[in-house]
Amino acid sequence: MPQLATPNQSQNRPSETPLSELDRITELAGDLAGQFELVPLLERVLGHAAALLGCESGSISIVHEAEGYYRKEVDQGVGCREGQTFPLTEGLTGQIVKTRGTVILDRYASVTAGHIDPADPRWGSAVIGVPITWAGTIIGTFAIFSDGPGRVFSPGDASLVELFANHAAIAIMNSRLHQAAAAKEREAAVAGERERAVQEVHETIGRSLGSLLLHLDRADKATPGGSPSTQHIDSARVLAHEALFETRRTVLGLGPSTLADRSLEEAVRQELDRVSANGPMDVTLLVTGDPHELAPVVAHQLFMIIQEAVANAVAHACATACRVGIFYDTAGITAVVEDNGRGFEAQESTDLKGSRLGLHGMAARAHYLRGELHVESTLGWGTSIRAQVPYSSNGDASRERWKVLVACTQPLLRAGLVRLLETSEPSVQVLGEFGTLEDLTESVSLLQPDMIVLDEHLLSRYAEARVTETDTVERPVVAVVDHFADELLAAAASSGVRGFLSLSSTPAEVARVVVAAARGDALLDGAMFTRLTEIRAADTGEAISLTARELEVRDLLAEGLADKQIATRLAISVKTVEKHVSAMLRKTGARNRTMLVGLQHQGQAIANSR
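The model shown is predicted, which means the values in this text are computed figures rather than measured ones.

The rules we used
- Residues numbered from 1 in each chain as written.
- Predicted model: local features only at pLDDT ≥ 70, side-chain atom pairs only at ≥ 80, totals over all residues.
- Heavy atoms only, no water.
- Helix = DSSP H or I, 4+ residues; strand = E, 2+ residues; numbered from the N terminus.
- Buried < 20%, exposed > 50% of the residue type's maximum accessible area, 1.4 Å probe, protein only.
- Areas by Shrake-Rupley, 256 points an atom, 1.4 Å probe, with all protein chains shown as cover.
- Core = buried A, V, L, I, M, F, W, Y, C linked by side-chain atoms within 4.5 Å.
- Pairing = 2+ DSSP bridges.
- Axes fitted to C-alpha atoms, helices over the stretch in contact; angles between N-to-C directions.
- Contact = heavy atoms within 4.5 Å.
- Expected span 1.5 Å × (residues − 1).
- Salt bridge = Lys/Arg side-chain N within 4 Å of Asp/Glu carboxyl O.
- Phe/Tyr/Trp six-rings, centres within 6.5 Å; stacked < 30°, edge-to-face > 60°.

(A) Main features of the overall build of the protein chain. The helix and strand tally for the protein chain stands at 22 helices and 17 strands. The buried share of the protein chain, reckoned over its 610 residues, is 46%. Accessible surface for the protein chain amounts to roughly 30500 Å². Of this, 53% is attributable to carbon and sulfur atoms.

(B) Focus on unusual backbone geometry. With a phi close to 55 degrees, alanine 135 is a non-glycine residue in the positive phi region. Assignment of secondary structure puts alanine 135 in the loop between strand 5 (127-134) and strand 6 (137-145). One non-glycine residue, alanine 571, adopts positive backbone phi at about 60 degrees. With respect to the secondary-structure elements, alanine 571 resides in the loop between helix 19 (563-570) and helix 20 (574-588). By relative accessible area, alanine 571 is classed as exposed at 70%.

(C) How the structure looks around the nonpolar core. Among the nonpolar cores identified, the biggest contains 38 residues, and Ile333 and Leu373 are the most heavily contacted of them. Of all the secondary structure elements, the ones that give two or more residues to this core are helix 8 (264-277), helix 9 (296-315), strand 8 (321-328), strand 9 (332-339), helix 11 (357-368), strand 10 (372-378) and strand 11 (382-390). Broken down by element, the residue count for this core peaks at nine residues, all from helix 9. Formed by 30 residues, the second largest nonpolar core is a distinct cluster that contains Leu38, Ile139, Ala158 and Ile172.

(D) Geometry of the sheet that holds strand 10. Strand order in the open sheet formed by five strands is 7-8-9-11-10, and the pairing between neighbours is mixed. Two strands bound the open sheet, and with one partner strand each, they are strand 7 (282-288) and strand 10. Strand-to-strand, the axes of this sheet are offset by a mean angle of 10 degrees, without reference to chain direction. Where helix 8 meets the sheet, it contacts strand 7, strand 8 and strand 9, and its direction lies at approximately 170 degrees from that of strand 7. Strands strand 8, strand 9, strand 10 and strand 11 of the sheet are contacted by helix 9, whose axis makes an angle of about 10 degrees with strand 9.

(E) Layout of helix 3 (residues 38-52). The end-to-end C-alpha separation of helix 3 is 22 Å, in line with the 21 Å expected for 15 residues at 1.5 Å each. Positive phi appears at glycine 54, one or two residues downstream of helix 3, with a value of about 70 degrees.

(F) Here's a closer look at the pattern of salt bridges. Applying the stated criterion across every chain yields a total of nine salt bridges. Put simply, arginine 71 and glutamate 73 hold a salt bridge, and the shortest N to O gap is 3.0 Å. Note that arginine 554 and aspartate 555 form a salt bridge whose closest N and O atoms lie 3.3 Å from each other. Residue classification places aspartate 555 among the partly exposed residues on the basis of a relative accessible area of 25%.

(G) Representation of the pairing of strand 15 (residues 477-481). Among the five residues that make up strand 15, five are buried, leaving the element largely enclosed by the rest of the structure. What you see with strand 15 is no split at all: Val477, Ala479 and Val481 on one side and Val478 and Val480 on the other are buried throughout. Of the strand pairs in this sheet, strand 14 (residues 451-455) and strand 15 are connected by four bridges, and their pairing is parallel. Opposite valine 453, over in strand 15, you have valine 478 as the bridge partner. Looking at chain direction, strand 15 and strand 16 (residues 497-502) are connected through five bridges and run parallel. Bridge pairing links valine 477 to valine 497 in strand 16.

(H) Highlighting the sheet that holds strand 5. Spatially, the six strands line up as an open sheet ordered 3-2-1-6-5-4, and their pairing is antiparallel. The strands lining the two open edges of the sheet, one partner per strand, are strand 3 (85-87) and strand 4 (103-105). Between one strand axis and the next, the sheet turns through 25 degrees on average, direction left out of account. The sheet contact formed by strand 2 (residues 69-76) and strand 3 spans three bridges and is antiparallel. Looking across to strand 3, one finds that arginine 71 is bridged to threonine 85.

(I) Molecular detail of the packing of aromatic side chains. If you walk through the whole model with that rule in mind, you get three aromatic pairs. Pairing tyrosine 70 with phenylalanine 86 gives two aromatic rings, centres 5.6 Å apart and planes at 35 degrees, and the pair type is tilted. Linking tyrosine 70 in strand 2 with phenylalanine 86 in strand 3, this pair joins segments that are 16 residues apart in sequence. Residue classification places tyrosine 70 among the buried residues on the basis of a relative accessible area of 1%. For the ring pair tyrosine 108 and phenylalanine 145, a centre distance of 5.7 Å and an interplane angle of 55 degrees mean the geometry is tilted. Note that tyrosine 108 is positioned in the loop between strand 4 and strand 5 and phenylalanine 145 in strand 6, a separation of 37 residues in sequence.

Given below as structure tokens:
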């Protein structure tokens, strides 16, 4: 793609004649035509705006208002952490989003939780902040700083910045449309690979299952009539036939045959008949309300929730009875599965993290349908699982699907990561898992993933291979680190690593770090950030000490509470909450509240030691 000239190149023309406002806007409009690389375009827009105002400093941020954070995308002369992410409660961007309009300040120092060092000349200088909007939604912010105290920006200056903010909005949306088109091309390539996979299924899995069926027939003939083994051989033969049939449907993209030409109730009834035929458990099905036509994705995900819940009742609850209910009402559909098994502790029923991946998977499926999952269990008395989803759930159509490759030399770690990603975040699609660098590099070229998850053994080798590869696409990388070392951090920083995971990472942390990296952001899981903080404290010889009140504020932040809610809970003012947060950021070295929450376990240890 042709490289754009920088603003300085535009200014240093042979004629050395400064560009007028009209000339700059006309030239910028030409830049926007057919150009899709976002950062060079935004640098161009920012440079023109700063030059026309006689300034040298400014920044453009991308806002994710629904998720509550923003990313500093382009930074010229300010030095306030380009490429990093911050919550929308901080900085000039947070103030712009809060007011939902242009902000003109005589001194940047008046910004709440600003990111410029007080020693920087811009700390006491004027600043203009303008929202970048598209279809009524704030998608970014545009800021211009004066070069020193004494300059005061006028409404006319703000109007000029607003004009360039419109150019930035066009650049951002053009880039997103281009990325969406590129994603469609990658999906087409994956579809072609799927066709090749069909042939491999017939040649490998099909051949293996065919051999299995042949041996089962021979075993059946060699078994004396009336032998108890005959029943088990017949069951194995049926399962082998079903496995072959289902595998072929999966690679053809047809989905589970259980719902093929059947309603949800018919599929559930067939599943319950299969369960009751294979064991002594008494199962019943109740359907109430007027049946509603369900989208395929809703029927499929709801069936999988019921199937998982019934399987748990059989395999783990040791239940003798299981009742399944499907209820249609005006708002949506509800599925309930109750058993009389051994149950589990009440606090575990409200925490869908940890080792209960079956429950967490069901919760992820319900969340994927924009619904809710409720689990109630009493030790010794059984478990009740209730999934409520709306009829209008769009599933795939309403989500980004991040394509991920997982590469680890250890099979157990590799399989565990794949399982955690599949059960923790429906917006992540694992395209493949590999144990060697050769398989990984070949699959990256073929499948064009959005990002890669690597272990530390493959990280340095992959970075070296990237130097010689013809594929120049920069893909985010998440590194799984067992024994952390400063040398590894330095190597990772030079290899495009956007996040770290440790062996103690929870499923939620794995999903959060991977999705953040796929979006181009950078996050560390709590355990890894704690480790980095310990190393920093050891290097400086300082111990991190938080007061009891600061620990209370930090724990409530970890629960996702806003400053006003924390103030109400602790009976203090919002201003006091903000002061405690600022003090903790200063003490720990955390750059934002997200990283501060990562220190929770360390903070608890400090509190317990007092």
